[in-house]
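# Remarks on the overall topology
So the chains spell out like this:
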Amino acid sequence: MAAHDEPRETEDARFRLEVMGAALELFESKGYEATTVDQIAESAGLSRRTFFRQFRSKEDVVFLDHDATLTHVQDFLETTDLDPYDAVCEAAARVFARFSGTPDTTRRRYRVLQTVPALRERELVMVLRYERVFVDTLRRGAPTQEPLALVQFAAAVTATHNYLLRTWLRDGARVEVEDVRRALGAVKRRFVTDTARDRPTALVLPPGTSVADVTTLLAQHFGDGLTTTP
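The paragraphs below set out a description of the structure included in this document. Keep in mind the model is a prediction, meaning the values are calculated, not measured.

To continue, consider the overall build of the protein chain. Looking only at helices and strands, the protein chain features 11 helices and 0 strands. Beginning at the N terminus, the succession of helices and strands in the protein chain can be written as α-α-α-α-α-α-α-α-α-α-α. Each of the 230 residues in the protein chain was classed as buried or not, and the buried ones make up 41%. A sequence separation of at least 24 residues applies to 70% of the contacts in the protein chain between residues at least 6 apart. Surface accessibility of the protein chain: about 13300 Å² in total, with carbon and sulfur atoms responsible for 52%.

Moving on, we come to helix 6 (residues 84–100). The end-to-end C-alpha distance of helix 6 is 24 Å, a good match for the 24 Å that 17 residues give at a rise of 1.5 Å each. In terms of burial, helix 6 is a largely internal element, 15 of the 17 residues being buried. Between the side-chain oxygen at the start of helix 6 and the backbone nitrogen of Tyr85 there is a gap of 2.8 Å, and the oxygen is on Asp83.

The final tally for this structure, using the stated rule, is 16 salt bridges. Close ionic contact of Glu28 with Arg108 constitutes a salt bridge, the shortest N to O distance being 2.9 Å. Highlighted residues: Glu28 in helix 1 (residues 11–30) and Arg108 in helix 7 (residues 103–113), separated in sequence by 80 residues. Overall, the relative accessible area of 23% leaves Arg108 in the partly exposed class.

Basis of the calculations
- Residues numbered from 1 in each chain as written.
- Predicted model: local features only at pLDDT ≥ 70, side-chain atom pairs only at ≥ 80, totals over all residues.
- Heavy atoms only, no water.
- Helix = DSSP H or I, 4+ residues; strand = E, 2+ residues; numbered from the N terminus.
- Buried < 20%, exposed > 50% of the residue type's maximum accessible area, 1.4 Å probe, protein only.
- Contact = heavy atoms within 4.5 Å.
- Areas by Shrake-Rupley, 256 points an atom, 1.4 Å probe, with all protein chains shown as cover.
- Expected span 1.5 Å × (residues − 1).
- Polar contact = N/O pair within 3.5 Å; in protein donor to acceptor, adjacent residues only side chain to side chain.
- Salt bridge = Lys/Arg side-chain N within 4 Å of Asp/Glu carboxyl O.

Have a look at this one:
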């Protein structure tokens, strides 16, 4: 799978997202507590029975795209050939791409969540689910690394993504997917470089290599902050 290939939504997924959109519109206009399942079903063109066959509760409807996105993230991480650190960064960038790709729905949910504490708690649970998937991927792909370092990396990726997403949502700042990728790349460089500094490194170079070339190669390995002494 190419790094930036995005899976297409199935007809069922599109239907479920349409129901979510209808529900969020009602929650914002009428209030979450005042909106009934019957009203959601009617707005979405469903019977009450069909609603409960498809969805467990109106709370679940709020996070339908999270469920779909988490499934896409898991599929991507299980099939990608990327380095595990790069894979986790790319997965987080894809989450941002999916949410920013439906700005009206994403912003509406954000506004609804600000008024319903129970939904904010549910959102925190969703964030932890993403982070757990990231940790599991790193543990599989980098089994010799310190477990705590992998947890810290996954937490840093998640926090960076969430900060940029909320900046886009709350402040209306212009944040593109490539901005997220660059920020996550910086997270990776800090973590991987710091790990590399703690390991002995052997560098085999051909005779006649200049000091400048040696410095360049070491900087690439250990980061731009490297100081060398001739």
